[in-house]
Amino acid sequence: MTSMSRARVARRIAAGAAYGGGGIGLAGAAAVGLVVAEVHLARRQVNHGAQPHVPHAEGRYGVAYDAPGPGKEPLRLTMLGDSTAAGQGVHRSGQTPGALLASGLAAVAERPVELRNVALPGAQSDDLGRQVALVVADSDRVPDVCVIMIGANDVTHRMPATRSVRHLSSAVRRLRTAGAEVVVGTCPDLGTIEPVQQPLRWLARRASRQLAAAQTIGAVEQGGRTVSLGDLLGPEFEANPRELFGPDHYHPSAEGYATAAMALLPTVCATLGLWPADEERPDVSRREGFLPVARAAAEAASEPGTEVTAAMPTGPRGPWALLKRRRRRRVSETEPTSPTSASGV
């Protein structure tokens, strides 16, 4: 499928989400049904009925930067979404994506970061309304930035793409209205889950990328930024499954979460004005630039780590977006230990 074709499919799904459509499939209902059956079978085989373990990572990171005075107050970072946002599959709190992002953000900002996580393993996009309600319940403690990682369970549970994008768009809009910046890690590439065989790998990849592109359009049009997380379960995982997959062969390992956090951190920092100013200008040598939002979404979905953010509200072909391929800061340089404090959600 060409970039233009992928852009048309993504735009059609996003339009259906905006205007109440619900009948647009991802890759054909029958085909996705086969993917679903094999993925669920694979999960049963590798999990052996074990209950999900999610390390508790909430608390304050970067305490070395604690200091009195204006501009030194802790930044607030909140994670929303599914098991990948929660950090299922690793055993230490410091290995979760929230902890990695909080530590990296603290190092860049030279300020403490308070991490909160309302993500729920197994969640689909229709759980985002509940999660957002928890986040905005206290108007005096609205996060500075929220990171949403969701979409894989929407594909495996056959949620219509239009419905999935509608829930995500609503969540981004509510968080932005409350005053939080929002970064969405789009649907990972399910075509690289180790137990899933061809031709279902191809079908799962196609469905994942279609949803990721549509999520990008929906999130960007509501004022959020997106980062393609195809590399969360993508090419790097396919090439190094034993290194980057966790023990259940479904969720990422510690190294896999670090890879995802490395992709997200520059965008999280940029939303708060903490990334170098020269990085905000498009770099032609990295094939960055302004594109119609649907085209940018399609390109991002096929290239892991690519950021899309709103640019011009109108153009010859509708809204435009800036597509960036940011240089990644190694999260391992600021790898956290345990948080200094924790509180329940």
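This structure is a prediction, so every number in the text was calculated from the model and none was measured.

Draft legend 1. Highlighting the overall build of the protein. Of the regular secondary structure elements, the protein holds 12 helices and nine strands. Contacts spanning at least 24 positions in sequence make up 81% of the contacts within the protein whose residues lie at least 6 apart.

Draft legend 2. Structural view of the nonpolar core. With 36 residues, the main nonpolar core has Leu 77, Leu 101, Val 147 and Leu 264 as its most contacted residues. Breaking this core down by element, the ones donating at least two residues are β2 (75-81), α3 (83-86), α4 (97-109), β3 (113-117), β4 (145-149) and α11 (254-271). Contact partners of Leu 101, with chain neighbours within four places excluded, come to Leu 77, Met 79, Val 147, Ala 261, Leu 264 and Leu 265. Counting 17 residues, the second-largest nonpolar core is a separate cluster that includes Leu 128, Cys 146, Ile 148 and Ile 150.

Draft legend 3. Region of interest: helix α5 (residues 128-136). Along α5, the positions that sit buried rather than exposed are Leu 128, Gln 131, Val 132 and Val 135. Buried residues along α5 cover an arc of 100° about the axis, so they all sit on one side. On the buried face of α5, the contacting elements are β2, β3, β4 and α7 (161-178).

Draft legend 4. Region of interest: the packing of α5 against α7. Relative orientation of the contacting elements α5 and α7 amounts to 10°, with a least axis distance of 9 Å. Considered as vectors, α5 and α7 are oriented roughly parallel to each other. In contact with Leu 128, Gly 129, Val 132, Ala 133, Val 135 and Val 136 of α5, α7 contributes His 167, Leu 168, Ala 171, Arg 174, Leu 175 and Ala 178.

Draft legend 5. Here's a closer look at the sheet that holds strand β7 (residues 289-292). Spatial strand order, β1-β3-β2-β4-β5-β6-β8-β9-β7: nine strands in an open sheet with mixed pairing. The outermost strands of the open sheet, each flanked by one partner alone, are β1 (59-61) and β7. Neighbour-to-neighbour, the strand axes of the sheet open up by a mean angle of 25°, direction not taken into account. Pairing between β2 and β3: five bridges, direction parallel. By the bridge assignment, Thr 78 is partnered in β3 with Arg 116. The strands touched by α4 are β1, β2, β3 and β4; relative to β2, the strand with the most contacts, the crossing angle is about 155°. Along the sheet, α7 contacts β2, β4 and β5 (181-185); its crossing angle with β5, the most-contacted strand, is approximately 155°.

Draft legend 6. Seen up close, the packing of α4 against α11. For the pair α4 and α11, the least separation of the axes is 9 Å and the interaxial angle reads 40°. Between α4 and α11, the interaxial angle falls into the category oblique. Our pair here, α4 against α11, has a crossing hand that is right-handed. Here Pro 97, Leu 100, Leu 101, Gly 104, Leu 105 and Val 108 of α4 lie close against α11, whose contacting residues are Tyr 257, Ala 258, Ala 261, Leu 264, Leu 265, Val 268 and Cys 269. Tallied by class, the residues present in the contact of α4 with α11 amount to 12 nonpolar, one polar and no charged.

Rules of the game
Residues numbered from 1 in each chain as written. Predicted model: local features only at pLDDT ≥ 70, side-chain atom pairs only at ≥ 80, totals over all residues. Heavy atoms only, no water. Helix = DSSP H or I, 4+ residues; strand = E, 2+ residues; numbered from the N terminus. Contact = heavy atoms within 4.5 Å. Core = buried A, V, L, I, M, F, W, Y, C linked by side-chain atoms within 4.5 Å. Buried < 20%, exposed > 50% of the residue type's maximum accessible area, 1.4 Å probe, protein only. Arc of directions from axis to C-beta. Axes fitted to C-alpha atoms, helices over the stretch in contact; angles between N-to-C directions. Parallel < 35°, antiparallel > 145°, perpendicular 65-115°, else oblique. Pairing = 2+ DSSP bridges. Left-handed = near helix turned anticlockwise from the far one by under 90°. Nonpolar A, V, L, I, M, F, W, Y, C, P; charged D, E, K, R; others polar.

Purely geometric numbers; function is a separate question.
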